[in-house]
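A closer look at the structure
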Amino acid sequence: QVQLVESGGGLVQPGGTLRLSCAASGSTFRFYNMGWYRQAPGNQRELVATITSSGTTNYADSVKGRFTISRDNDENTVVLQMNSLEPEDTAVYYCNAVHIWRPNTDYWGRGTQVTVSS
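Residues numbered from 1 in each chain as written. Predicted model: local features only at pLDDT ≥ 70, side-chain atom pairs only at ≥ 80, totals over all residues. Heavy atoms only, no water.

A word on the side chain of E6
Residue position: E6 is located in strand β1 (residues 4-7). Here E6 sits buried without a salt bridge, and the closest side chain of opposite charge, R45, lies 7.5 Å off (N-O distance). Within the structure, the side chain of E6 is placed 2.8 Å from the backbone nitrogen of C95, a separation counted as a polar contact. Polar side-chain contacts of E6 include one of 2.9 Å to the backbone nitrogen of G111. Those residues in contact with E6 that sit more than four places away from it in its chain are S21, C22, W36, Y93, Y94, C95, G109, R110, G111 and T112. (Helix = DSSP H or I, 4+ residues; strand = E, 2+ residues; numbered from the N terminus. Buried < 20%, exposed > 50% of the residue type's maximum accessible area, 1.4 Å probe, protein only. Lys, Arg positive; Asp, Glu negative; His and termini not counted. Salt bridge = Lys/Arg side-chain N within 4 Å of Asp/Glu carboxyl O. Polar contact = N/O pair within 3.5 Å; in protein donor to acceptor, adjacent residues only side chain to side chain. Contact = heavy atoms within 4.5 Å.)

Remarks on the environment of W108
Considering the arrangement of structural elements, one finds W108 in strand β10 (residues 107-108). The exposure class assigned to W108 is partly exposed, which follows from its relative accessible area of 35%. Residues W108 and G35 lie 73 residues apart in sequence; the distance between their C-alpha atoms is 9.7 Å.

Considering the nonpolar core
L4, M34, W36, L80, M82 and Y93 are the most contacted members of the largest nonpolar core, which has 30 residues in total. For this core, the secondary-structure elements that each account for two or more residues are β3 (18-24), β4 (32-39), β5 (46-51), β7 (67-72), β8 (77-82), β9 (91-99) and β11 (112-116). If we skip the residues at most four places from it in the chain, L4 touches C22, A23, A24, M34, C95, N96, A97, Y107, W108 and G109. (Core = buried A, V, L, I, M, F, W, Y, C linked by side-chain atoms within 4.5 Å.)

Concerning the pattern of salt bridges
Applying the stated rule across the entire model yields four salt bridges. When the shortest N-O distance is used, the salt bridge between D89 and R38 registers 2.9 Å. Note that D89 is positioned in the loop between β8 and β9 and R38 in strand β4, a separation of 51 residues in sequence. You'll find D89 and R38 in the same group, each marked buried. Here the salt bridges share partners, and the residues they tie into one network are R38, E46, R66, E86 and D89.

Written out as structure tokens, the structure reads:
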């Protein structure tokens, strides 16, 4: 099992930056594939970015080139660096974890609010 806690959300102007962090519990963090998802009011939860246990990254087309996902296995954290933010990025951002040996079980944080507005 793993427990996830997101932080770093807030209010930012268009074109600004935010850095989201996901802190994970446990000593087997390096064996989890990690991801960031987001959900805006009235919309379904959508994938933003993923990073595998080995460091391979993938991004939604809407954020590619603007967002960067990274992980620090020594600190048990996953970071989403968000640059050139747009109003359409406004959503609750959730951290997701899937153990590489238990792919049918998803773990979720409670989310952190990101609001992009002038």
